[in-house]
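Chains, contacts and geometry: an overview
Chain by chain, the residues:
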Amino acid sequence: MSDAKILIIEDNESNMMLFRDLLTLAGFHVLEASDAEAGIELARAHRPDVILMDIQLPGMDGFNATRIITTDPDLKDIPVVALTSYAMEKDMMEAKEAGCTKFISKPINTREFTKTVAGVISDRQNRWRGLK
Ligand code: MN
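Residues numbered from 1 in each chain as written. Predicted model: local features only at pLDDT ≥ 70, side-chain atom pairs only at ≥ 80, totals over all residues. Heavy atoms only, no water.

Attention now moves to the overall build of the protein chain. Counting its secondary structure elements, the protein chain contains five helices and five strands. Helices and strands appear in the protein chain in the N-to-C order β-α-β-α-β-α-β-α-β-α. In terms of overall size, the protein chain behaves like a compact globule, its C-alpha atoms giving a radius of gyration of 13 Å where 132 residues would be expected to give roughly 14 Å. Its C-alpha atoms give the protein chain principal-axis dimensions of roughly 35 × 30 × 30 Å. When each of the 132 residues of the protein chain is scored for burial, the buried share is 42%. Across the protein chain, the fraction of contacts at a sequence separation of at least 24, relative to all contacts at a separation of at least 6, is 64%. For the protein chain, the exposed surface amounts to about 7,000 Å²; the carbon and sulfur share of it is 51%. The average position of the 16 basic charges and that of the 21 acidic charges among the side chains of the protein chain differ by 8 Å. (Helix = DSSP H or I, 4+ residues; strand = E, 2+ residues; numbered from the N terminus. Rg over C-alpha atoms; globule rule 2.2 N^0.38 Å. Buried < 20%, exposed > 50% of the residue type's maximum accessible area, 1.4 Å probe, protein only. Contact = heavy atoms within 4.5 Å. Areas by Shrake-Rupley, 256 points an atom, 1.4 Å probe, with all protein chains shown as cover. Lys, Arg positive; Asp, Glu negative; His and termini not counted. Charge placed at Lys NZ, Arg CZ, Asp CG, Glu CD.)

So this is what it looks like as structure tokens:
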């Protein structure tokens, strides 16, 4: 679990710093991108175990980036967790439709954040082992 790779796509520097610090402290390897295009490129190059996707990004938004990832044969098995500061039902629905497996609202609960991300990774690993 601790050598799992997590790709964070987030344009806000202080959010990025917080997410990176929490996940690095928990022993994860963290990859960072500040826009969707760079994030998708990193996903292709490194095949992370999970992608944390900010929804409001410069250029392509997180919904469209998620649609690209979840319909790409090489990337579609990577779970995408939406991160958004406007936790409205409409956004949750759109994130779900785009293919996000989970939704985390910002500001995050720092104690829950790492647990939620770790849960998505272990669900995925268990699925591969046929445990779920
Ligand atoms: Mn943003």
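Read on, since the account is not over.
Binding of the manganese ion to the protein goes through D11 (OD), D54 (OD) and Q56 (O), at separations of 2.0 to 2.1 Å. Counting residues between consecutive donors of the manganese ion along the chain gives the motif D-x42-D-x1-Q. One end of the pair, D11, is in the loop between β1 (5-9) and α1 (13-25); the other, D54, is in strand β3 (residues 50-54), with 43 residues separating them in the sequence. For D54, a relative accessible area of 3% translates into the label buried. (Donors = N, O, S within 2.8 Å, 3.2 Å for Na, K, Ca; no water.)

Moving on, we get to the side chain of E10. Examined against the element boundaries, E10 turns out to sit in the loop between β1 and α1. Within the structure, E10 has its side chain in polar contact with the side chain of K106 (distance 2.8 Å). (Polar contact = N/O pair within 3.5 Å; in protein donor to acceptor, adjacent residues only side chain to side chain.)

Next up on the list: the pairing of β3. Within β3, five of the five residues are buried, leaving the element largely enclosed by the surrounding structure. A two-sided burial pattern is seen for β3, the buried positions comprising V50, L52 and D54 on one face and I51 and M53 on the other. Note: β1 against β3, four bridges, orientation parallel. Across the sheet, the residue bridging to I8 is L52, located in β3. Read from β3 through helix α3 (residues 62-71) to strand β4 (residues 80-84), the crossover connection turns out right-handed. (Pairing = 2+ DSSP bridges. Right-handed = clockwise from strand over helix to strand, strands pointing away.)

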